[in-house]
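# Results of the structural survey
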Amino acid sequence: MIDVDRINFLAKKSRTEGLTPEEAAEQAKLRREYIDAYKASLTAQLDSIVVVDEHGNKHPLKPKDAN
């Protein structure tokens, strides 16, 4: 589970008093984990979308270049 509270704490501390090199590295790691989790969630949502044509046939939503 991503620790959003810790990300927010480090962001606030960065703005107010600055971060140690260890905290800056932790912040970068936590942000990358958050972004990766967000992208995975969005990809899963998009992969579950199906398009129903005028005949009632279901087709998975595919990127245009995946033909």
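Thresholds, definitions, all that
- Residues numbered from 1 in each chain as written.
- Predicted model: local features only at pLDDT ≥ 70, side-chain atom pairs only at ≥ 80, totals over all residues.
- Heavy atoms only, no water.
- Helix = DSSP H or I, 4+ residues; strand = E, 2+ residues; numbered from the N terminus.
- Buried < 20%, exposed > 50% of the residue type's maximum accessible area, 1.4 Å probe, protein only.
- Contact = heavy atoms within 4.5 Å.
- Axes fitted to C-alpha atoms, helices over the stretch in contact; angles between N-to-C directions.
- Parallel < 35°, antiparallel > 145°, perpendicular 65-115°, else oblique.
- Left-handed = near helix turned anticlockwise from the far one by under 90°.
- Nonpolar A, V, L, I, M, F, W, Y, C, P; charged D, E, K, R; others polar.

## Examining the side chain of glutamine 27
Looking at the element boundaries, glutamine 27 is found in helix α2 (residues 21-47). Judged by its relative accessible area of 9%, glutamine 27 is buried. Setting aside anything within four residues of it in sequence, one finds glutamine 27 in contact with Leu10, Ala11, Ser14 and Leu19.

## As for the packing of helix α1 (residues 4-16) against α2
Closest axis-to-axis distance for the α1/α2 pair is 10 Å, and the angle between their directions is 135°. In terms of orientation, α1 and α2 fall into the oblique class. Classified by chirality, the crossing of α2 by α1 is left-handed. Here α1 contributes Val4, Arg6, Ile7, Leu10, Ala11, Lys13 and Ser14 to the contact with α2, which in turn contributes Glu23, Glu26, Gln27, Leu30, Arg31 and Tyr34. Per-class residue counts for the contact of α1 with α2 are six nonpolar, two polar and five charged.

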